[in-house]
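Inside the fold
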Amino acid sequence: MILILTTEAGDQSHIEVIDWLKCFKANYIILTGESLLFGSNTIVYKDGCIFCNGVNLTKEVSVVFFRRWITPTRIQLSEDKILNDSILDNLLGELFAFRKILENNLKDAFWIPTGEVIGVNKMSVLKLAKKVGLKTPKTLITNSKEELLNFIAETPQGVITKAIGNYSPVYTSQNEVLNPVYTKEVDKDFIESTCPKTFVISLFQEKLSKLLELRVFYLLGHFYTTAIMSQQNLATSLDSREQTAENRCNLEPYKLPIDIEEKIDILLSRLKLNTGCIDLVLTPENEYVFLEVNPVGQFSGYSRRTGLNIPQHIASVLVSIDQNGYTKAD
């Protein structure tokens, strides 16, 4: 049996994988944190076995596709915001503790990816990427105005700032979604006029000249790469995510050079990641610059618009592993 661990909000990519599993008539079950929070799935753990809706996951599950677990930002249990946050913090702690029990109980299943590598550290990844031969951007993390101004002075091509980790969308009380952490450019005049001596710790990088942005979906040694024509629009030139219907980036399938694929393969192997979404930039000088990897990044939109059929490939791999076990050919 295939187990899909995901969330009921904030992840679209798993939906198309599930559609293909239905098409393949696969034996699968879906489990989300929300389904346990609100009781739409029944879980029993006894005698060393975990049962979901009467199915013995411990004995039946051979492969786990681990997308996400729960999206807490939109869960309202009380109209009192402070009370809601307190209750939710405790319940989330319980749900994540149970997820660890689930990971340990199903440790003999093949996980894509494993739970222990979901929260990769961006700076550690950049350091390791450089070690395996990938070019990386010059980076600074600081809360010091003086250090930032020094970095700007040493980086004449410009400086951008973005989230240190994976910053979640922010919701207003009217359920409007905001994302204040798209990539932004900062300069000396702005910092000198607006910043105090110290500020919230932030990540800064050299601004890269871009020919293309590249989104790479990696699965068990296979690469599915999308070229994002972000430089065609001023609004998306810094961050391709700042798209609207009017300034939508063109996407095209792309083939990475073999040596870049080999270095990424080595990097992910050392990170113990068997899947992930990798962001790269191709510069006008034809250099590939590695930015980051997200073990559970989105891929369905890129796949749909380029014809890469990523969800179909994922479902096919899951079914193959479920039926035959994993071999490197998968």
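See above for the structure.
The text that follows walks through the structure, step by step, so that each part is easy to find. (Residues numbered from 1 in each chain as written. Predicted model: local features only at pLDDT ≥ 70, side-chain atom pairs only at ≥ 80, totals over all residues. Heavy atoms only, no water.)

So, unusual backbone geometry
Put simply, Ile112 and Pro113 share a cis peptide bond, and its omega is -15°. Within the secondary structure, Pro113 is located in the loop between β7 (110-112) and α5 (122-131). Despite not being glycine, Asn53 has its phi angle at roughly 55°, a positive value. Examined against the element boundaries, Asn53 turns out to sit in the loop between β4 (49-52) and β5 (55-56). For Asn53, a relative accessible area of 44% translates into the label partly exposed. Even without glycine at this site, Lys272 takes up a positive phi of about 60°. As for its placement among the helices and strands, Lys272 is situated in the loop between α8 (258-270) and β17 (275-282). The exposure class of Lys272 is exposed, given its relative accessible area of 60%. (Helix = DSSP H or I, 4+ residues; strand = E, 2+ residues; numbered from the N terminus. Buried < 20%, exposed > 50% of the residue type's maximum accessible area, 1.4 Å probe, protein only.)

Considerations on a nonpolar patch on the surface
Together, Phe38, Leu77, Leu83, Ile87 and Leu91 line one region of the surface with nonpolar side chains, adding up to about 410 Å² of accessible area. Among the secondary structure elements, Leu91 is positioned in helix α4 (residues 81-105). (Patch = residues over 30% accessible without salt bridge, like charges linked within 9 Å, V, L, I, M, F, W, Y side chains within 5 Å. Areas by Shrake-Rupley, 256 points an atom, 1.4 Å probe, with all protein chains shown as cover. Salt bridge = Lys/Arg side-chain N within 4 Å of Asp/Glu carboxyl O.)

Re the environment of Pro295
The residue Pro295 is located in the loop between β18 (288-294) and α9 (300-306) in this model. For the pair Pro295 and Cys277, spaced 18 residues apart in sequence, the C-alpha to C-alpha distance is 6.2 Å. Apart from the residues within four sequence positions on either side, Pro295 is in contact with Pro113, Val117, Ile118, Val120, Leu273, Thr275 and Gly276. (Contact = heavy atoms within 4.5 Å.)

Regarding α4
The end-to-end C-alpha separation of α4 is 35 Å, in line with the 36 Å expected for 25 residues at 1.5 Å each. Looking only at α4, the buried set comprises Asn84, Leu88, Leu92, Leu95, Phe98, Arg99, Leu102, Glu103 and Asn105. Between the side-chain oxygen of the N-cap and the backbone nitrogen of Ile82 there are 3.1 Å, and the N-cap of α4 in question is Asp80. (Expected span 1.5 Å × (residues − 1). Polar contact = N/O pair within 3.5 Å; in protein donor to acceptor, adjacent residues only side chain to side chain.)

Points about the sheet that holds strand β14 (residues 212-219)
Across a sheet, paired strands are connected by hydrogen bonds in the backbone, their directions being either parallel or antiparallel. A sheet is described by the order of its strands in space; here five strands give the open sequence β16-β15-β14-β17-β18, paired in antiparallel fashion. Looking at the sheet topology across the chains shown, the edges are occupied by β16 (251-254) and β18. Within the sheet, the average angular offset between the axes of one strand and its neighbour, ignoring direction, is 25°. Across seven bridges, the pairing between β14 and strand β15 (residues 222-228) is antiparallel. In the strand pairing of β15, Leu214 is matched with Ala227. (Pairing = 2+ DSSP bridges. Axes fitted to C-alpha atoms, helices over the stretch in contact; angles between N-to-C directions.)

Digging into the sheet that holds β5
The three strands lie next to each other as β3-β4-β5, forming an open sheet whose pairing is antiparallel. The strands lining the two open edges of the sheet, one partner per strand, are β3 (43-46) and β5. In this structure, β4 lies alongside β5, joined through two bridges in antiparallel fashion. Looking across to β5, one finds that Cys52 is bridged to Val55. Packing against the sheet, α4 makes contact with β3 and β4, and its axis sits at approximately 115° to β4.

A look at the packing of aromatic side chains
If you walk through the whole model with that rule in mind, you get seven aromatic pairs. Judged by centre distance (5.7 Å) and plane angle (40°), the ring pair of Trp20 and Phe24 falls under tilted. With a relative accessible area of 30%, Trp20 lands in the partly exposed category. Look at Tyr218 and Phe223: their rings are 5.1 Å apart centre to centre, the planes differ by 75°, and that puts the pair in the edge-to-face class. Taken individually, Tyr218 and Phe223 each receive the classification buried, so the pair is uniform in this respect. Taken together through their ring pairs, the aromatic side chains of Phe217, Tyr224 and Phe299 make up a single cluster. (Phe/Tyr/Trp six-rings, centres within 6.5 Å; stacked < 30°, edge-to-face > 60°.)

Topic: the environment of Ile152
Note on placement: Ile152 falls in helix α6 (residues 145-153). For the pair Ile152 and Asp187, spaced 35 residues apart in sequence, the C-alpha to C-alpha distance is 7.0 Å. When residues no more than four places from it in sequence are discounted, the contact partners of Ile152 are Val159, Asp187, Lys188 and Ile191.

Some points on the nonpolar core
Formed by 27 residues in total, the largest nonpolar core has its most connected members in Leu256, Ile264, Leu267, Leu268, Ile278, Leu280 and Phe290. Elements supplying a minimum of two residues to this core: α5, β14, β15, α8, β17 and β18. With near-sequence residues (within four places) excluded, Ile264 lies in contact with Leu134, Phe223, Leu256, Ile278 and Leu280. The next biggest cluster of nonpolar side chains, apart from the first, holds 23 residues, and it includes Val17, Phe65, Leu219 and Cys277. (Core = buried A, V, L, I, M, F, W, Y, C linked by side-chain atoms within 4.5 Å.)

Some words on the pairing of β17
With seven of eight residues buried, β17 is to be regarded as a mostly interior element. In this structure, β14 lies alongside β17, joined through eight bridges in antiparallel fashion. Of the residues in β17, the one forming a bridge with Val216 is Ile278. Where β17 and β18 come together, six bridges link them in antiparallel fashion. Its bridge partner lying in β18, Leu280 is registered against Phe290. Adjacent in sequence and paired antiparallel, β17 and β18 are bridged by five residues, among which Asn286 carries a positive phi angle near 65°.

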